[in-house]
Amino acid sequence: MNIPELLESRRICVCAGSGGVGKTTISAVIGLGMAALGRRVCVITIDPARRLAGALGLEELGNEPRRVPAERLAGAGLEITGELWAMMLDPKATFDDFIDASAPTPERAAAVKANPIYAQLSSAVAGSQEFTAVSKLYELAGSGRFDLLVLDTPPARNALDFLDAPRRLTGFLEGRAVQALVRPTGVGVRLLSVGAAPLLAGLRRLTGVDLVSDISSFFGVLGPMTSAFSQRAGAVEALLRSEQTAFVLVASAQRESIDEALWFTDGLAARRLPFAGVVVNRFHHDLSPGPDGADPETDPGRDLAASLAELLGGHPELAARVGTAFADYHVLAARDGAQLTRLVAGLDGEPVLAVPQFDDEIGDLPALARIHAFLFGSEQERARLIATLVA
Amino acid sequence: MLDRRLIFVTGKGGVGKSTVAHAIGRLGARQGKRVIVAELAPAGSGAGIDEVQLSPGLFSIVIDPQAAMEEYLRVKAGTLGGALSHSRLFSTLAMATPGLRELLGMGKIWELAQLQRRTRDGAVYDLVVVDAPATGHGVAALRTPRVFAQTARVGPIAYQADIIASTLADPDFTAIVAVSVAEEMPVRETLSLADALAADGLGLDRVVLNQVYPERFTPAELERIRAAAGGLDPTAEALRSLRSALAAALSAQARARSQQSHARELVDRFGERLAPLPFLFCDELGDAELDRLADLLEPKLTLP
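The rules behind these values
Residues numbered from 1 in each chain as written. Chains lettered and ligands numbered in written order. Predicted model: local features only at pLDDT ≥ 70, side-chain atom pairs only at ≥ 80, totals over all residues. Helix = DSSP H or I, 4+ residues; strand = E, 2+ residues; numbered from the N terminus. Contact = placed C-beta atoms within 7 Å. Buried ≥ 20, exposed ≤ 12 C-beta atoms within 10 Å, placed from the backbone. Axes fitted to C-alpha atoms, helices over the stretch in contact; angles between N-to-C directions. Left-handed = near helix turned anticlockwise from the far one by under 90°. Nonpolar A, V, L, I, M, F, W, Y, C, P; charged D, E, K, R; others polar. pLDDT = per-residue confidence, 0-100. Pairing = 2+ DSSP bridges.

Caption draft 1: Geometry of the overall build of chain A. Regarding its fold elements, chain A presents 18 helices and 10 strands. For chain A, restricting intrachain contacts to residue pairs at least 6 apart in sequence, the fraction spanning at least 24 positions comes to 74%.

So this is what it looks like as structure tokens:
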């Protein structure tokens, strides 16, 4: 199994996972690999590392897709026969665009955007970043400009947050509580409902913040548009649930990350969302029996330390340190191996692709090409590459 | 630094922020302090606001801003507060008030650190260690009380916010610790965190550089290892362990070097304030590992 097989006939790839696992890098590699296979691909990301953005020739990413120069990738041996585009999501700008598009008049849009409550909503309310991410995904999917969209989901404490965030936002806007604030009094001015006024007065007494005018004007102008939010959220959900979409979870091989991966796949199943597979990043592959293991073909009379010392020109102390480094590596390899086994056992046969921990940090093109070989190669190619890693 | 009552620990996701917060908590408890490690949860997470004992002298709490608000209203605002805290509409409005959620979380942390607790049965803590939200939100949480006090100006919460802001800015009371690892993004975030704090007149007291790979070999030894590895028949099965051992040594060294190049900026910027912690080669972090990290942090955190 590899990425091209996973994404065959899919038009959207959502890369989910918690912060710090290398999700943005994996998203970029999936995008460039699919573009190399002839597809028109756009990678949507939030905040790429400077080196990664630079590697793709995107010193300045805007809120609109930009084409990655193919010559640049050719230098690293990646020939793009399709198109590779990338964009850095600007949540505030996306939110503004959405308001502009759903407001009945430009004046109404301007009034919403000028409201202090809107500033809070578009930047800080739980779910606003996720809402804008899927909203942008939906717009790009509808544009027909791309064969494949790869979404690098916003950083979150856990991957499931991404799935529920847009609903939380629309829930907030559509909740009975907020609806109760706005009394339908016809066109134009909307007044606060009778019950809300004393509460707002109480809030003002406590906080000193005069919300009465802000809130009434915000929901007054937004009122007729709240349905646009839920329509968008509904349309996005339908898109994410369709057979065009594949959710790929990016994880590390540590216990918490694997726990989360299993939890996430259950969450996807419960929401009937199409789960395609897991990429386990920064994996320590294990190939040899390790410092304590019996190597059947070595001379049984000699241990590894003695062989190392001899090989290193009779430096037992140096050989001991090499032995320690080997033992340390094996602790991590054993840990990662056990976690991978646990992951595979907990899945329903969905594929797991392990990308090794490389010695230097990923960011430049040759490094992306190295990961590409693992995600896009056949089983045999991967096995061959792994063999060159440790031994 | 451990004599302060409030230590705020922040950092990018995945760098081991919670581990460091708990190691600091253990260190405090070991010195005979009554310590609580507090985590700020997102609003509506249902985390509640209960103080749970982990071990003698060490407690933990996960603070849901919603629960913090309900408690605040009960304690401070009497009958009016009691009535308001039951209103869903009021909660919604309060949570929509710019900055109020962050303020309520910080308010609860401030309350935990007081010599005279406001909550009934609230026992006094000598040290509150905050396992703060990831960097960007961490700064927002620290900044909120000042911003809120400035925008609201009047009313009991604005008055309270002003007190909290002064407490946070008091270097005898509060310390701010960033956790980082020697990779591009975490280093970049740590540097911008220091800038953002400085712009608010706050200092970064320590930067914990977590998961540092050991550099085990001199350049001459490295040459020797390389030469030995190059001289081995790459296909001989019998030599597999030897080849792997040498490769593991070279790989660990390469990682250490890569980390050093990323860490350089932190070393230059923070000097003595940088507290490195080693990468722990273990299956999982348990009590023994946390104690070891606490041991290693102790000399670095004991300095003022």
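Caption draft 2: Region of interest: the overall build of chain B. On a plain count of helices and strands, chain B comes out with 11 helices and 8 strands. Residue burial in chain B is summarised as follows: out of 304 residues, 49% are buried. Put simply, 68% of the contacts in chain B that link residues at least 6 apart link residues at least 24 apart.

Caption draft 3: Quick peek at the packing of helix H5 (residues 91-102) of chain A against helix H6 (residues 106-114) of chain A. Residues and elements named next belong to chain A. Between H5 and H6, whose axes approach to 8 Å, the crossing angle comes to 145°. With respect to the hand of their crossing, H5 and H6 are arranged in right-handed fashion. Contacts between H5 and H6 involve Asp96, Ile99 and Asp100 from the former and Ala109, Val112 and Lys113 from the latter. Classifying every residue of the contact of H5 with H6 gives 3 nonpolar, no polar and 3 charged.

Caption draft 4: Spatial organisation of the environment of Thr226 of chain A. Residues and elements named next belong to chain A. Among the structural elements, Thr226 can be located in helix H13 (residues 226-241). Among the residues examined, Thr226 registers 19 C-beta atoms within 10 Å and is labelled partly exposed. When the C-alpha atoms of Thr226 and Gly19 are compared, they prove to be 31 Å apart, with 207 residues separating the residues in sequence.

Caption draft 5: Molecular detail of the confidence of the model for chain A. Residue and element names in this part refer to chain A. Residues of chain A with pLDDT of at least 70 account for 74%, and the chain-wide mean is 80. The low-confidence segment residues 183-191, where pLDDT is below 50, has 9 contacts with residues more than four positions distant or belonging to other chains. Low pLDDT, under 50, characterises residues 294-298; the stretch is placed with 8 contacts to residues that sit more than four places away or in other chains.

Caption draft 6: Examining unusual backbone geometry more closely. The phi torsion at Arg272 of chain A lies on the positive side, around 55°, for a residue other than glycine. By the secondary structure assignment, Arg272 of chain A is in the loop between helix H14 (255-270) and strand E9 (275-283).

Caption draft 7: Here's a closer look at the sheet that holds strand E2 (residues 40-45) of chain A. All names here are of chain A. One open sheet holds the 8 strands; their spatial order is E3-E4-E2-E5-E1-E8-E9-E10, and the pairing between them is mixed. Each having just a single partner strand, strand E3 (66-67) and strand E10 (352-356) make up the two edges of the open sheet. Summarising the sheet, E2 and strand E5 (residues 148-152) pair through 4 bridges and their orientation is parallel. Looking at the pairing, Cys42 lines up with Leu149 of E5. Running over the sheet, helix H2 (residues 23-36) touches strand E1 (12-16), E2, strand E4 (83-88), E5, strand E8 (245-252) and E9 and is turned about 170° from E2.

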